Amino acid sequence: MKSFYLTTAIDYVNGSPHIGHAYEKVLTDVIARFRRLMGDEVFFLIGTDEHGQKVQMGARKRGIPAQQFVDNTAAEFRALYDRLGVSYDDFIRTTEERHQRVVREILQRLHDQGEIYRAEYRGFYSTRQEQFLQEKDRLPDGSWPEIFGEVTELVESNYFFKLRAYQDWLIDYLRTHEDFIFPRFRQKQVLEFLKEPLNDLCISRPRERLEWGIPLPFDQDFVTYVWFDALVNYVSAVWSEGAPRADRWPADFHVIGKDILVPPHAVYWPIMLHAAGIAPPKSLLVHGWWLLKGGQKMSKSTGAAVDPLDLVDRFGVDAFRYFLIREMNVGQDSEFSVELFLSRYNSDLANDLGNLVNRALNMAGRYSAGVVPAPEVLEEPERELQALWSRTRDEAISLCEGFQFHAALERTLTFIKAINRYVEQRAPWKLAKSSEPADQVLLRTALATMTEALRLGVTLLAPVIPGTTAKVNAALGHTPALKWSDELQWGTSLTGAKLQPGLVLFPRPETAKPPAV
RNA sequence: GCCAGGGUAGCUCAGUGGUAGAGCAGAGGACUCAUAAGCCUUUGGCCGCGGGUUCGAUCCCCGCCCCUGGCACCA
């Protein structure tokens, strides 16, 4: 059986991770967890991109070997993703032998097929930055910016991949696979881009200029540069006997940022695969960016970046994940500010959900000795709540399937609020003061209904805030099933369960201590 | 310049050819199981601007303005 194969972009390890890196991994993790709960066998890959000029220079600047430098930064990225609860199945590093072997194999195959040729590359070279410059790097007056130092025109021999030969094939492929890229408008953007003729792709750097890379198998004086290194991770991680494993490949989704769609993932990658006789991925999921207040772009150089670990330390992993997924409409950009974060934290998590959990456990403890009673009647308030549950569940699942996670969360929180409303309607604290048998029936029914509704509500939140779901289930004395098909039915499985006396999931910030996990 | 996305309540955003919605923030109220939380009621909008199609447009068409991103062999 083929797995649902999901990947994220591999991160370039020349700096520290920020909220953008964190978002992409959390988003993909939510998809992975959702698919698993829906019953799919999931294979979820993340990793790091560790070769190239900037890494080589970064290591040199610190006076340490490149391998040591990437070992350090890769560990930093991996630690963040572990901390964020990213449930990856494999973590690939482009410096690993298993990856390099596949890169060489594919390059050799394409070389043998005549898809790669050697030619002269002429351009303007900055010795200080150790790179060729582009025409767009020029200042308006035609001169080169100061940071490049002395710029000289020079000719360099390199290897090129026959990208252009596949342009028509790619256009045709995109026209016949309208769902290749989500959201749709991105696919139009790619087709627009392809209206201009492609140039062949320079895929090498002379070793004297760049040492930190994978040597070309057919010419040891060169290393391969970027594309045939980084992109290949998606297949090298699942490689076996000259091809990606059939139970993994083609990938169901490459999750990437909009900045690396055109041309790498939408143009180079499908063509590279096609030329090598490998099927393209099924689809690309393209997300937007987090912007600062007023639409300002996040940037490390201006210091305008958000350290995800800071928020995680202060408010917990789940609060952070919840915010990312609730605020971002997948595919579009979204604003980030601490004020927005706090607003979500307080109103959704602390007040609506957290407080509900606490009061429900407390009431059960107080009025029912901490044991969930059996429901005894089904009147209008119960019927309404159950009907809302059915709608919420169906809509949330359908929205998740279309990557509308923010909307799914919104519906789910509406259901959580409805539980609060139900509790007010039944007012167990009043029923408890009555000795009328009818009131006692209603009291037991109310306690049973609110706990069951709570169990269902937090189950629907599991892909986004798995830690919270687990804690609530534990507090409810409930061991959840692995699949949603066995979990999302309104029932009486909690009857007789022994409850925890209370649980503060999201403490208010004034008094906040970081919740344990 | 070309292409794409966006311009709706103080804020973040939904939305539909037929009297404009949610959440948060603001105001008032009843309650007390609960994290001074929850519940009920409520204030608030020339739906970027100007034309057009239509019985009727926030939604369709045209033009314009503003914001964001892309325009490759950088990742």
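Described in the following lines is the structure provided in the data block. (Residues numbered from 1 in each chain as written. Chains lettered and ligands numbered in written order. Predicted model: local features only at pLDDT ≥ 70, side-chain atom pairs only at ≥ 80, totals over all residues. Heavy atoms only, no water.)

This next bit is on the pattern of salt bridges. Inspection of the entire model under this criterion finds 36 salt bridges. Linking Asp-348 and Arg-344 is a salt bridge whose minimum nitrogen-to-oxygen distance equals 3.1 Å. With a gap of 4 residues between them, Asp-348 and Arg-344 both fall in helix 12 (residues 338-368), about one helical turn apart. When sorted by exposure, Asp-348 lands in the same class as Arg-344, which is buried. For Arg-455, the salt bridge is made with Glu-452, and the minimal N-O distance between the two is 2.8 Å. Of this pair, Arg-455 and Glu-452 both sit in helix 16 (residues 437-460), 3 residues apart, roughly one helical turn. For the pair Arg-455 and Glu-452, a shared accessibility class is recorded, and that class is buried. The network of salt bridges with common partners includes Lys-2, Asp-252 and Lys-282. (Salt bridge = Lys/Arg side-chain N within 4 Å of Asp/Glu carboxyl O. Helix = DSSP H or I, 4+ residues; strand = E, 2+ residues; numbered from the N terminus. Buried < 20%, exposed > 50% of the residue type's maximum accessible area, 1.4 Å probe, protein only.)

With that out of the way, let us pick up the protein's contact with RNA strand B. Neighbouring RNA strand B are 47 residues; Asn-199, Arg-205, Tyr-225, Val-226 and Arg-359 lie closest to it. Sugar plus phosphate, as a fraction of atoms of RNA strand B within 4 Å of the protein: 65%. Between Tyr-367 and RNA strand B, the recorded distance is 3.1 Å, taken from a side-chain N or O atom to a sugar or linking oxygen. At a separation of 3.1 Å, a phosphate oxygen of RNA strand B approaches a polar side-chain atom of Arg-421. (Near = heavy atom within 4 Å. Polar contact = N/O pair within 3.5 Å; in protein donor to acceptor, adjacent residues only side chain to side chain.)

Computed from the structure, the second largest pocket encloses a volume of approximately 280 Å³. In this structure, the second largest pocket is lined by 15 residues; those nearest its centre are Leu-37, Ala-462, Pro-466, Thr-469 and Ala-481. At the level of elements, helix 1 (19-37) and helix 17 (466-475) are the ones that each hand at least two residues to the lining of the second largest pocket. Top contributing element to the lining of the second largest pocket by residue count: helix 17, with 4 residues. Two domains each provide a minimum of three residues to the lining of the second largest pocket, namely domain 1 (4-287) and domain 2 (337-487). (1 Å grid on protein atoms, 1.4 Å probe; cavity = no way out; pocket = protein on both sides within 12 Å on 5 of 7 lines; lining within 4 Å. Points joined across faces, edges and corners; volume = space filled by probe spheres on them. Domains from an automatic or database assignment.)

Pro-308, Leu-311, Val-312 and Phe-315 are the residues of helix 10 (residues 308-315) that are buried. When helix 10 is viewed along its axis, its buried side chains cluster within an angular range of 100° and face the same direction. Of the surrounding secondary structure, the elements contacted by the buried residues of helix 10 are helix 1, helix 3 (66-83), helix 11 (317-327), strand 19 (334-336) and helix 12. (Arc of directions from axis to C-beta. Contact = heavy atoms within 4.5 Å.)

So, about the packing of aromatic side chains. Within the structure shown, the criterion is met by 24 aromatic pairs. Taking 4.9 Å as the distance between ring centres and 65° as the angle between the ring planes, the aromatic pair formed by Trp-227 and Tyr-268 counts as edge-to-face. In this pair, Trp-227 is assigned in helix 7 (residues 227-230) and Tyr-268 in helix 9 (residues 261-275), connecting sequence segments 41 residues apart. Judged by its relative accessible area of 23%, Trp-227 is partly exposed. Ring geometry for Trp-249 and Trp-269: centres 6.3 Å apart, planes at 80°, overall edge-to-face. Note that Trp-249 is positioned in the loop between strand 14 (243-244) and strand 15 (253-257) and Trp-269 in helix 9, a separation of 20 residues in sequence. (Phe/Tyr/Trp six-rings, centres within 6.5 Å; stacked < 30°, edge-to-face > 60°.)

In contact at an axis separation of 6 Å, helix 11 and helix 14 (residues 405-426) are set at 110° when each is read in the N-to-C sense. Considering their axes alone, helix 11 and helix 14 lie roughly perpendicular with respect to each other. Between helix 11 and helix 14, the residues in contact are Tyr-322, Ile-325 and Arg-326 and Phe-405, His-406, Leu-409, Glu-410 and Leu-413, respectively. For the contact of helix 11 with helix 14, the residue count by class is 5 nonpolar, 1 polar and 2 charged. (Axes fitted to C-alpha atoms, helices over the stretch in contact; angles between N-to-C directions. Parallel < 35°, antiparallel > 145°, perpendicular 65-115°, else oblique. Nonpolar A, V, L, I, M, F, W, Y, C, P; charged D, E, K, R; others polar.)

This part is about empty space enclosed by the protein. Scanning all chains against the criterion turns up 3 cavities of 30 Å³ or more. In this structure, the largest cavity spans a volume of roughly 80 Å³. Contributing to the lining of the largest cavity are 13 residues, with Cys-400, Ala-408, Leu-409, Leu-460 and Val-464 lying nearest its centre. Those elements that provide at least two residues to the lining of the largest cavity are helix 13 (380-401) and helix 14. Counting residues per element, the lining of the largest cavity draws most heavily on helix 14, which supplies 4 residues. Considering only residue class, the lining of the largest cavity consists of 12 nonpolar, 1 polar and no charged.

By themselves, these are just geometric observations and shouldn't be taken as functional.
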